[in-house]
Amino acid sequence: MNDMTTIDRTQRAYSAAAQAFLARKPALFINNEWVSSSHDKTIPVEDPSSGKIVGHVVDASDKDVDRAVAAARAAFDDGRWSNLPPMVRERTMIRLADLIEANADELAELEAIDNGKPKTMAGAVDVPGAAAHIRFMAGWASKVSGEVTTPYTMPGGTVFGYTTKEPVGVCAQIVPWNFPLLMACLKIAPALAAGCTTVLKPAEQTSLTALRLADLIAEAGFPAGVVNIITGNGHTAGDRMVKHPDVDKVAFTGSTEIGKLINKNATDSLKRVTLELGGKSPVVIMPDVDVATAAPGAAGAIFFNSGQVCVAGSRLYAHRSIFDQVIEGVAATTPFWAPRASLDPEAHMGPLVSKEQFDRVMGYIEAGKRDGASVAVGGDAAAADGGYYVNPTVLVDVNPQMSVVREEIFGPVVVAQRFDDLDEVAKSANDTCFGLGAGIWTKDVATMHKLASKIKSGTVWGNCHAVIDTALPFGGFKESGLGREQGRQGIEAYMETKTVIIQL
């Protein structure tokens, strides 16, 4: 392990494939074609490992959005996708998953360049996860069906009643910058399996892998207009998508603040809405644990992906009897998590995604110090000639009123607090407007079940954290969102139920 101050954070050279992709003319993917924008506005692509501009993408205009929605609308209305045999939809989606795997190295590198996450991590988590989402949902294309129901109030044989499941229609899907490819595939997979068409907008900070995905969508043989991918700013292109009269459903992953705004805007036309929003997830460590296992687990819960994870374990509650040992154990992992350039093969954690995010995280750390928190480890930016590196940080001596305890920081910063008993820690864990994830570390199965039932959270992990599987539903309580993604619930979120009653 190297001293954090002596790490060379110079970004490595890009591959020829990545350089060629970055040199492409900015364009939008509409109707299976690369098309120019109606205007010449672009958004710079920045490598957060160096702070350098390495390319540009289109900043879509209202006309561009309208064109993409019109393509999706036409593709849905004529049934070119929804009326295909489910077997054909399934096979087409599996071809896309195969192509993602065939291009895994390039996709991982583009993700690392664009987002700042280590290429090794993108290759181990993001790219296989993206393919898995598509494979899993492809199987649902032939499995979702209605049912025949015997009416309650009518004599037998007089009425035939049944339900069908039908695709909701045109979907506007807006994904965040922390897991760009993974979230893009998580969004499009259930929509495609259900028979919907979609307009996907990646985050303006991280559009590269979504654009590369568009190439693979065309190659896989999806009909024109079924998936359209446009780049642009959230407050312009994203807003236009959400308010568009020809959009039937909006799915958004991102901040609670923007999610609330999207929900309000979608209300005018009663669009169907799925929102996966922020979190401030508690990690509870009971006194019976093996600290040598639990402490690194708690560290990974917050330092993975530089803490830029909606379910990051950002509030650590360790029992008073082991609190000091846990903090020492978490601190001991920080050389492993020391930030490095994203293409450094030794990197486990990269820079933050942008200058804006860097300033936000450092602002929270300074606010914590001002409010009386003590820095157990980190609390500063890492030395670098460019790039947005923040050292893994543990804050202690915090109280529930501090902004670092109450608000989502979205960086490698954990606040640690002591507790004495189960009811006390459950109350503390629930003292938040969020309810997305929570972690519990204990060897006692009764304690695990008791605490899991008390914590108000969409997912509770036991002796692990942020383990997410496409077969299991994911979403939040309270202000962490609306609806569920993944699993059977994930595809049902893209379907309407129709009841048919026929008098015989």
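Residues numbered from 1 in each chain as written. Predicted model: local features only at pLDDT ≥ 70, side-chain atom pairs only at ≥ 80, totals over all residues. Heavy atoms only, no water.

## A short note on the overall build of the chain
Piece 1. Secondary structure assignment for the chain yields 16 helices and 19 strands.
Piece 2. Relative to its length of 504 residues, the chain is compact, with a C-alpha radius of gyration of 23 Å against a globular reference of 23 Å.
Piece 3. Considering only residue pairs separated by 6 or more positions, the chain has 74% of its internal contacts joining residues 24 or more positions apart.
Piece 4. Across the chain, the mean location of the 47 positive side-chain charges is 4 Å away from that of the 58 negative side-chain charges. (Helix = DSSP H or I, 4+ residues; strand = E, 2+ residues; numbered from the N terminus. Rg over C-alpha atoms; globule rule 2.2 N^0.38 Å. Contact = heavy atoms within 4.5 Å. Lys, Arg positive; Asp, Glu negative; His and termini not counted. Charge placed at Lys NZ, Arg CZ, Asp CG, Glu CD.)

## Some details on the packing of aromatic side chains
Piece 1. Enumeration over the complete set of coordinates arrives at nine aromatic pairs.
Piece 2. With 5.5 Å between their ring centres and 40° between their planes, F160 and Y162 make a pair best called tilted.
Piece 3. In this structure F160 comes out as partly exposed when scored by relative accessible area, which is 36%.
Piece 4. Of the residues examined, Y162 reaches a relative accessible area of 26% and is grouped as partly exposed.
Piece 5. Measuring from centroid to centroid gives 5.4 Å for W177 and F410, while their planes differ by 85°, and the two rings are edge-to-face. Residue W177 is located in the loop between β6 (170-174) and α6 (180-194), and its partner F410 is located in the loop between α13 (403-406) and β15 (413-419); the two are separated by 233 residues in the primary sequence. (Phe/Tyr/Trp six-rings, centres within 6.5 Å; stacked < 30°, edge-to-face > 60°. Buried < 20%, exposed > 50% of the residue type's maximum accessible area, 1.4 Å probe, protein only.)

## Overview of the packing of helix α3 (residues 86-102) against α6
The description of two packed helices rests on the angle between their axes and on the distance between the axes.
Piece 1. The geometry of α3 relative to α6 is characterised by a closest axis approach of 9 Å and an angle of 160° between their N-to-C directions. The angle between the axes of α3 and α6 places the two elements in the roughly antiparallel class. Regarding α3 and α6, the two cross each other, and that crossing is right-handed. Along the contact surface, α3 presents R89, M93, L96 and I100, while α6 presents C185, I188, A189, L192, A193 and A194. (Axes fitted to C-alpha atoms, helices over the stretch in contact; angles between N-to-C directions. Parallel < 35°, antiparallel > 145°, perpendicular 65-115°, else oblique. Left-handed = near helix turned anticlockwise from the far one by under 90°.)

## A short note on the nonpolar core
Piece 1. The biggest cluster of nonpolar side chains holds 97 residues, and the ones touching the most others in it are M93, L96, I100, I285 and L316.
Piece 2. Ranked by residue count, the leading element in this core is α6, at eleven residues.
Piece 3. With near-sequence residues (within four places) excluded, I100 lies in contact with L107, V127, A131, I134, C185, L213 and L216.
Piece 4. By size, the runner-up hydrophobic cluster in this structure holds 27 residues, among which are L28, A60, A71 and I230. (Core = buried A, V, L, I, M, F, W, Y, C linked by side-chain atoms within 4.5 Å.)

## Some thoughts on the UniProt feature "active site" (unreviewed entry) in the chain
Piece 1. Those residues carrying the UniProt feature "active site" (unreviewed entry) are E276 in this numbering.
Piece 2. Relative to the assigned elements, E276 resides in strand β10 (residues 272-276). (UniProt positions renumbered as here; feature names shortened; annotations may be inferred.)

## What to know about the environment of S38
Piece 1. Within the secondary structure layout, S38 lies in the loop between β2 (33-35) and β3 (42-47).
Piece 2. Residues S38 and I258 lie 220 residues apart in sequence; the distance between their C-alpha atoms is 26 Å.

## Things to note about the sheet that holds strand β16 (residues 437-441)
Piece 1. In space, the seven strands of this open sheet follow the order β13-β14-β15-β12-β11-β16-β17, with mixed pairing throughout. Across the chains shown, the open sheet's two edge strands, defined by having one partner strand only, are β13 (374-377) and β17 (459-462). Direction aside, neighbouring strands of the sheet carry axes that sit 25° apart on average.
Piece 2. With four bridges joining them, strand β11 (residues 282-285) and strand β12 (residues 315-319) adopt parallel strand pairing. Considered in β12, the bridge of V284 is made with Y317.
Piece 3. Lying on the sheet, helix α15 (residues 445-454) is in contact with β11, β16 and β17; it crosses β16 at an angle near 160°. (Pairing = 2+ DSSP bridges.)

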